[in-house]
Amino acid sequence: MAAPMLRLCCPGRRWALACIDGCSRHRRGAPNGCTSSRRRGQSSVAQQPFITAQKPRKGEHEWAAVVGLEIHAQISSKSKLFSGSQVHFAAPPNSLVSFFDASLPGTLPAGYQITQQRLPIAVNGSLVYSFCAGKNRSQVINKTARVKQIQLEQDSGKSLHDDLRSQTLIDLNRAGVGLLEVVLEPDMSCGEEAATAVRELQLILQALGTSQANMAEGQLRVDANISVHHPGEPLGVRTEVKNLNSARFLAKAIDYEIQRQINELENGGEILNETRSFDSKLGCTIPMRDKEGKQDYRFMPEPNLPPLLLYDTESLPAGADPQQVIDIDRIREQLPELPSVTREKLVQQYGMLPEHSFTLLNEVGLLEFFQNVMKETRAEPKKVTSWVLNTLLGFLKQQNLAVSESPVTPSALAELLNLLDRKAISSSAAKQVFEELWRNEGKTPAQIVSEKKLELMQDQEALEQLCHAVMEGHPQVVMDVKKGNPRAINKLIGLVRKATLSRADPTVIKEILEKKLAS
């Protein structure tokens, strides 16, 4: 990142941000996908001199992996950091570029990127993240990654390589867009941990309104630094995997790279201090450039930008205009509810399992959908949670739809659950109604129930007569029940339901059958 630095003076306290285990040890195995074809002797810029990793001891197969992250989030803004050019995703190439952004003669600055790399806006923080582990993923594990620093900087332009024509095209739409870079210390040990930490940060940025953090639109990009070593020995040589734009690809890239390095070392090879990219189609990392020489990055103060002063209550000058200074304590008081607090409230308010609270927050728009259903239904929270997480989310994932694209609205699901709650329909009928709602034919649950004749039988006497007829028609099944076969009664229940076209409540049927069998 060739860049001069933005001068920053922080007389107040440093701002600390405020959460995954089971993968800290790795053993021999082959990564899936392609293998490295890197040759020694290739030269490029580097972050540190080339180092050769120590070869493993013979017979030693246990490894520890170390992962650090650099996360770039696009700041929510209608214009770029230092120009009036608009910020829009998928705009035509070079359509959002001012003379300033293009560094044309006569404009300032010319040809360099501005960053707070030397004097970041915040240092020495922590990111607390949680993930579900265990056999049923019911165990919540909290972990902490240290935040080395947070800084503002400009985004750079984008290079589009055309290998067929041997051309490189430049798109400057991104040049000058404001970025927030968060540097996490190497406190993670596998892809799942890294992906979960990034997802937690993504939720925090979205809750704060700092960034939309949509990875699919390039608003959140991650660089991962990865190395392996034997426990108790010095850290190994690291590689950097650049520009990962989804949590799933981040996890896959890290896990592949860990295994690639282990295989390389166990086969007598050595790890190069290099930059790699992740090929999502092949599922492997590919060399981009190595870092054998010294960095060619040159930094200088930007003389056209005044210092950015941060204060807290103790350091705020007397008589200072609150509108003209940045008071960290005042900002902290205005912060919205953070994801970790929201999850705790969901568990306490609705009695849901912790892993369910994670799913509600991790799926964009799902929490709002759930809360809107809860406002309009009398059903128990546990039942609402089950329908939202299992039925609704299952249909969405099956058709690769976002929550906002669901043909079933919160109001429609709430009405369906009300019908189920007052025992107007059976569970199987409710699923049939949901499928009809999903077809989005504009009908309400009540209309579908009426048209399909899905109402539960309310005539107790008629139902008792049906149960009696089924028992008389299947004496052998009745005999099996009386002999103690626990599955035989289910056979009878199924036969009665078939006779009622599934319009009878299985629980009521079972009660009637048990009463008649005992007499």
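Treat the numbers as computed from the prediction; the structure is a model and nothing was measured. (Residues numbered from 1 in each chain as written. Predicted model: local features only at pLDDT ≥ 70, side-chain atom pairs only at ≥ 80, totals over all residues. Heavy atoms only, no water.)

### Re the overall build of the chain
Here's step 1: Regarding its fold elements, the chain presents 14 helices and 13 strands.
Here's step 2: In the chain, buried positions account for 42% of the 519 residues.
Here's step 3: For the chain, the exposed area adds up to about 27,900 Å²; of that, 50% sits on carbon and sulfur atoms. (Helix = DSSP H or I, 4+ residues; strand = E, 2+ residues; numbered from the N terminus. Buried < 20%, exposed > 50% of the residue type's maximum accessible area, 1.4 Å probe, protein only. Areas by Shrake-Rupley, 256 points an atom, 1.4 Å probe, with all protein chains shown as cover.)

### With respect to the layout of surface pockets
Here's step 1: Within this model, the second largest pocket holds a volume of roughly 1,200 Å³.
Here's step 2: Arg199, Gln202, Asn362, Glu363 and Val364 are, among the 36 residues lining the second largest pocket, the residues nearest its centre.
Here's step 3: Counting only elements with at least two residues in the lining of the second largest pocket, the list comes to β3 (122-133), α1 (191-208), α5 (354-362) and α7 (381-398).
Here's step 4: A per-element tally of the lining of the second largest pocket places α1 first, with 8 residues.
Here's step 5: Residue composition of the lining of the second largest pocket, by class: 15 nonpolar, 13 polar and 8 charged. (1 Å grid on protein atoms, 1.4 Å probe; cavity = no way out; pocket = protein on both sides within 12 Å on 5 of 7 lines; lining within 4 Å. Points joined across faces, edges and corners; volume = space filled by probe spheres on them. Nonpolar A, V, L, I, M, F, W, Y, C, P; charged D, E, K, R; others polar.)

### What about the pairing of strand β7 (residues 178-188)?
Here's step 1: In terms of burial, β7 is largely enclosed, as 8 of its 11 residues are buried.
Here's step 2: Inspection of the sheet shows strand β2 (residues 64-74) paired to β7 by 7 bridges, in the antiparallel sense. Note on β7: the bridge partner recorded for Ala73 is Leu180.
Here's step 3: Strand direction decides the pairing type here: strand β4 (residues 139-154) and β7, joined by 7 bridges, are antiparallel. Bridge pairing in β7 links Gln149 to Val183. (Pairing = 2+ DSSP bridges.)

### Section: the side chain of Thr115
Here's step 1: The topology assignment puts Thr115 in the loop between β2 and β3.
Here's step 2: A polar side-chain atom of Thr115 sits 3.4 Å from a polar atom in the side chain of Gln151. (Polar contact = N/O pair within 3.5 Å; in protein donor to acceptor, adjacent residues only side chain to side chain.)

### A short note on the pattern of salt bridges
It is possible for side chains of opposite charge to pair when their charged atoms get near one another.
Here's step 1: Enumeration according to the criterion identifies 17 salt bridges in this entry.
Here's step 2: Note that Arg174 and Asp155 form a salt bridge whose closest N and O atoms lie 3.5 Å from each other. Taken together, the residues Arg174 in the loop between β6 (167-171) and β7 and Asp155 in the loop between β4 and β5 (158-162) connect sequence positions 19 residues apart.
Here's step 3: Accessibility expressed as a relative area gives 28% for Arg174, which makes it partly exposed.
Here's step 4: On the basis of relative accessibility, which here comes to 5%, the residue Asp155 falls in the buried class.
Here's step 5: Taking the shortest distance from any N to any O, the salt bridge between Glu451 and Lys443 comes out at 2.9 Å.
Here's step 6: Lys443 sits in the partly exposed class, given a relative accessible area of 34%.
Here's step 7: Members of the salt-bridge network, linked through shared partners, are Glu257, Arg260, Glu274 and Arg276. (Salt bridge = Lys/Arg side-chain N within 4 Å of Asp/Glu carboxyl O.)

### A word on the packing of aromatic side chains
Here's step 1: The final tally for this structure, using the stated rule, is 6 aromatic pairs.
Here's step 2: In this structure an aromatic cluster arises from ring pairing among Trp387, Phe395, Phe434 and Trp438. (Phe/Tyr/Trp six-rings, centres within 6.5 Å; stacked < 30°, edge-to-face > 60°.)

### Notes on helix α8 (residues 410-421)
Here's step 1: With 12 residues, α8 should cover 16 Å at 1.5 Å per step; its first-to-last C-alpha distance of 16 Å lies within 8% of that length.
Here's step 2: Judged by how many residues are buried, α8 sits mostly within the fold: 9 of 12 residues are covered.
Here's step 3: Where α8 is concerned, the buried positions are Pro410, Ala412, Leu413, Ala414, Leu416, Leu417, Asn418, Leu419 and Leu420.
Here's step 4: Tucked inside the fold, the buried residues of α8 contact α6 (366-376), α7, α9 (427-438) and α10 (445-452).
Here's step 5: Looking at the residues trailing α8, positive phi occurs at Lys423, about 60°. (Expected span 1.5 Å × (residues − 1). Contact = heavy atoms within 4.5 Å.)

### Overview of unusual backbone geometry
Here's step 1: Its identity as a non-glycine residue notwithstanding, Asn94 has a phi of 60°, on the positive side.
Here's step 2: Here Asn94 is to be found in the loop between β2 and β3.
Here's step 3: Of note in this structure, Ser166 is not a glycine but carries a positive phi near 55°.
Here's step 4: Counting through the fold element by element, Ser166 comes out in the loop between β5 and β6.

### Overview of the confidence of the model for the chain
Here's step 1: Summary statistics for the chain give a mean pLDDT of 84 and a share of 85% for residues scoring 70 or more.
Here's step 2: For residues 1-22, every residue scores under 50 in pLDDT, and the model assigns this stretch 97 contacts once sequence neighbours within four places are set aside. (pLDDT = per-residue confidence, 0-100.)

### Focus on α6
Along an α-helix, residues three or four positions apart point the same way, because every turn accommodates 3.6 residues.
Here's step 1: If you check which residues of α6 are buried, you get Leu366, Leu367, Phe369, Phe370, Val373 and Met374. Burial along α6 is one-sided: seen end-on, the buried residues are contained in an arc of 160°. In α6, those exposed residues whose orientation departs by more than 90 degrees from the buried face are Glu368 and Lys375.
Here's step 2: Considering only its buried residues, α6 is in contact with α4 (339-350), α5, α7 and α8. (Arc of directions from axis to C-beta.)

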